[in-house]
Amino acid sequence: MTDEQPRGHSVYEPSEFLGAPPEEHIPESEVSLARRFLNVRTIGSLVFAVLLLFLFFKVVLDIDFAATWDLIRGADPVLLLAALVVYYLTFPLRGGRWWYILKKVGTKVRYWMATEILFLSWFVNCLVPAKLGDLYRAFLLKGNVGGSASRTVGTIFVERIADIVVIFVLALAAGFWSFRGRQRPELDFIFVVGFLLASTLLLLLVVLRFAGQRIERILPGRVEGFYTRFREGSTAALTPRAISVIGSATIVIWLAEGLRVFFVIKALDLPDAELGISAAIFVALVAALLTAIPLTPAGIGFVEAGIVGALTLYGVSPESAVAIALTDRAISILTVIVLGGIDYVRSPLVRRAHRSGLGNPPAPEALPGA
């Protein structure tokens, strides 16, 4: 399909199905939520996450769950609403950032559609492990506007790199400001891991940008098409102006994430958690790094432990830290599951993509012009 295919039309090119790599086609079975959510791997990952949290909270920290629940029940609903509003304001920003990247690689899509597809992908990531939501995003885009699936994955790769780099820089700045004058080995470890991750991803992007075509020549034919489109999606937006736009949007997004955590902390009004905005940003960014762990949906288990661990660096008691972590995750996961589930059931984008039969391409003789 061409990237500029009008909405609602199917213009298949024979080369898409006869010579394109199999990864370009996304079988519906690969993105079926019923199949993915009810399979052994997903159920096992959820059991593992719950067990991990229980062992960490009860065995390691010896948390009094009744006391923690009392802290959560006493939260200020107005400040919790503020945290919720700030969090959901990041989705139009994320949607706009992705829409801009798509435009730079030649995929035309309406802004509202890009934002809704992105939100639906977050809903999927909250239900199943292994970042299936990213594949589902490519599935929805291909089923609605005909965008290349592998090129779409490339644009998501650009998002991930921008997020990791900005998270590292902001976490470094927030941590330095919060802990100025205090040596913490835990912080050094976090910063080293963040630096290695950001550097590795940036190096990979540089290789794709400047040596990508040379690599392309040595690849097998069936892999070459996928790689070429992925490289186009991940490098076409790397102009100075585009980098500044993407970087600025990413900074605003992650500052808003920190503001959400700040409102959650203030809503609970805990005497041992009088933290400023820099500390809240640091906690939010540490949690964001841990969501990259694909073993459980949305990093459940790892993220909560990371938030609690980051808060204890500021002297917050375990019960208070757990109350903050659970409240924040209720906003960032449970509400997405509820609202995303409603959108998933009602959205014409979902129905259109699943009706398009991407997993069953037409026979060559049925193609236009064949």
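First things first, this report covers the structure right here in the doc. What you are looking at is a predicted structure, and each value in this text was computed from that prediction instead of being measured.

So, on to the overall build of the protein chain. On a plain count of helices and strands, the protein chain comes out with 16 helices and 0 strands. A burial count over the protein chain gives 51% of its 370 residues as buried. The contacts of the protein chain with a sequence gap of at least 6 include a subset with a gap of at least 24, amounting to 76%. Carbon and sulfur atoms form 69% of the exposed surface of the protein chain, whose accessible area is close to 17100 Å².

In this section: empty space enclosed by the protein. Within this structure, the stated rule accounts for 2 cavities of 30 Å³ or more. Put simply, the second largest cavity is a space of about 50 Å³. Lining the second largest cavity are 11 residues, with Asn125, Lys131, Thr291, Thr296 and Ala298 positioned closest to its centre.

The residue Asp62 is not glycine, and still its phi comes out positive at about 55°. As for its placement among the helices and strands, Asp62 is situated in the loop between helix 4 (40-60) and helix 5 (65-73).

Relative to the assigned elements, Leu238 resides in the loop between helix 11 (221-235) and helix 12 (240-268). Counting along the chain gives 137 residues from Leu238 to Ile101, while the straight-line C-alpha distance between them is 9.4 Å. Setting aside its immediate chain neighbours within four residues, Leu238 contacts Leu205, Arg209 and Ile243.

The first and last C-alpha atoms of helix 15 (residues 318-346) sit 41 Å apart over 29 residues, in line with the 42 Å expected at 1.5 Å per residue. Ala330 marks where helix 15 bends most, by close to 35°.

Glancing now at the nonpolar core. With 83 residues, the main nonpolar core has Phe282 and Leu311 as its most contacted residues. Here the element with the most residues in this core is helix 13 (residues 277-290); it accounts for 10 residues. Membership of the second largest hydrophobic core comes to 10 residues, among which are Ile161, Ala198, Leu201 and Tyr227.

Viewed as axis vectors pointing N to C, helix 13 and helix 14 (residues 302-312) meet at an angle of 150°, and their least axial separation amounts to 8 Å. By the angle between their directions, the pair helix 13 and helix 14 is classed as roughly antiparallel. As for how helix 13 packs across helix 14, the hand of that crossing is right-handed. Packed against helix 13, whose contacting residues are Phe282, Val283, Val286, Ala287 and Leu290, the element helix 14 presents Phe302, Val303, Gly306, Ile307, Ala310 and Leu311 at the interface. Among the residues making up the contact of helix 13 with helix 14, the classes are represented as 10 nonpolar, 1 polar and no charged.

Now for a nonpolar patch on the surface. Nonpolar side chains collect at one region of the surface, where Leu51, Phe54, Leu55, Val59, Val60 and Phe65 lie side by side and expose about 560 Å² of accessible area between them. With 5 residues, helix 4 is the single largest residue contributor to the nonpolar patch. Structurally, Val59 can be placed in helix 4. Residue classification places Val59 among the exposed positions, given a relative accessible area of 58%.

Turning our eyes to something else, we now look at helix 13. For helix 13, built from 14 residues, the straight-helix expectation of 20 Å at 1.5 Å per residue is met to within 8% by its first-to-last C-alpha distance of 20 Å. Of all the 14 residues making up helix 13, 11 are buried; the element is thus mostly covered by neighbouring parts of the structure. Those residues of helix 13 not exposed but buried are Ser278, Ala279, Ala280, Ile281, Phe282, Val283, Ala284, Leu285, Val286, Ala287 and Ala288.

This paragraph deals with the packing of helix 9 (residues 149-178) against helix 13. Interhelical geometry of helix 9 versus helix 13 gives an angle of 145° and a closest axis separation of 8 Å. Considering only the axes of helix 9 and helix 13, their crossing is left-handed. Residues Ile164, Ile167, Leu170, Ala171, Ala174, Gly175, Trp177 and Ser178 of helix 9 lie in contact with helix 13, whose contacting residues are Ser278, Ala279, Ile281, Phe282, Leu285, Ala288 and Leu289. Class assignment of the residues belonging to the contact of helix 9 with helix 13 gives a composition of 12 nonpolar, 3 polar and no charged.

Scanning all chains against the criterion turns up 9 salt bridges. Among the ionic pairs, Asp70 bridges to Arg73, the shortest N-O distance being 2.9 Å. Residue Asp70 and its partner Arg73 are located together in helix 5, separated by 3 residues, close to a single helical turn. One salt bridge connects Lys266 with Glu274, and the closest N-O pair in it is separated by 3.8 Å. According to the relative accessible area criterion, Glu274 is exposed, its value standing at 54%. Each of Arg94, Glu257, Arg260 and Asp328 takes part in a single network of salt bridges with overlapping partners.

What follows concerns the packing of aromatic side chains. The description of two aromatic rings rests on the distance between their centres and on the angle between their planes. On inspection of all chains with the given rule, the structure shows 15 aromatic pairs. With centroids separated by 5.1 Å and ring planes inclined at 85°, the aromatic side chains of Phe91 and Phe119 adopt a geometry described as edge-to-face. Taken together, the positions of Phe91 in helix 6 (residues 77-104) and Phe119 in helix 7 (residues 111-125) put the pair 28 residues apart, joining distant regions of the chain. Classification of Phe91 by relative accessible area gives buried; the value is 4%. Among the residues examined, Phe119 registers a relative accessible area of 13% and is labelled buried. Linked through ring pairs, Tyr87, Tyr88, Phe91, Phe119 and Trp122 together constitute an aromatic cluster. Sitting over the ring of Trp98, Arg137 keeps its end group 4.7 Å from the ring centre.

Rules of the game
- Residues numbered from 1 in each chain as written.
- Predicted model: local features only at pLDDT ≥ 70, side-chain atom pairs only at ≥ 80, totals over all residues.
- Heavy atoms only, no water.
- Helix = DSSP H or I, 4+ residues; strand = E, 2+ residues; numbered from the N terminus.
- Buried < 20%, exposed > 50% of the residue type's maximum accessible area, 1.4 Å probe, protein only.
- Contact = heavy atoms within 4.5 Å.
- Areas by Shrake-Rupley, 256 points an atom, 1.4 Å probe, with all protein chains shown as cover.
- 1 Å grid on protein atoms, 1.4 Å probe; cavity = no way out; pocket = protein on both sides within 12 Å on 5 of 7 lines; lining within 4 Å.
- Points joined across faces, edges and corners; volume = space filled by probe spheres on them.
- Expected span 1.5 Å × (residues − 1).
- Bend = angle between axes of the 7 residues up to and from the residue.
- Core = buried A, V, L, I, M, F, W, Y, C linked by side-chain atoms within 4.5 Å.
- Axes fitted to C-alpha atoms, helices over the stretch in contact; angles between N-to-C directions.
- Parallel < 35°, antiparallel > 145°, perpendicular 65-115°, else oblique.
- Left-handed = near helix turned anticlockwise from the far one by under 90°.
- Nonpolar A, V, L, I, M, F, W, Y, C, P; charged D, E, K, R; others polar.
- Patch = residues over 30% accessible without salt bridge, like charges linked within 9 Å, V, L, I, M, F, W, Y side chains within 5 Å.
- Salt bridge = Lys/Arg side-chain N within 4 Å of Asp/Glu carboxyl O.
- Phe/Tyr/Trp six-rings, centres within 6.5 Å; stacked < 30°, edge-to-face > 60°.
- Lys NZ or Arg CZ within 6 Å of the ring centre and 35° of its normal.

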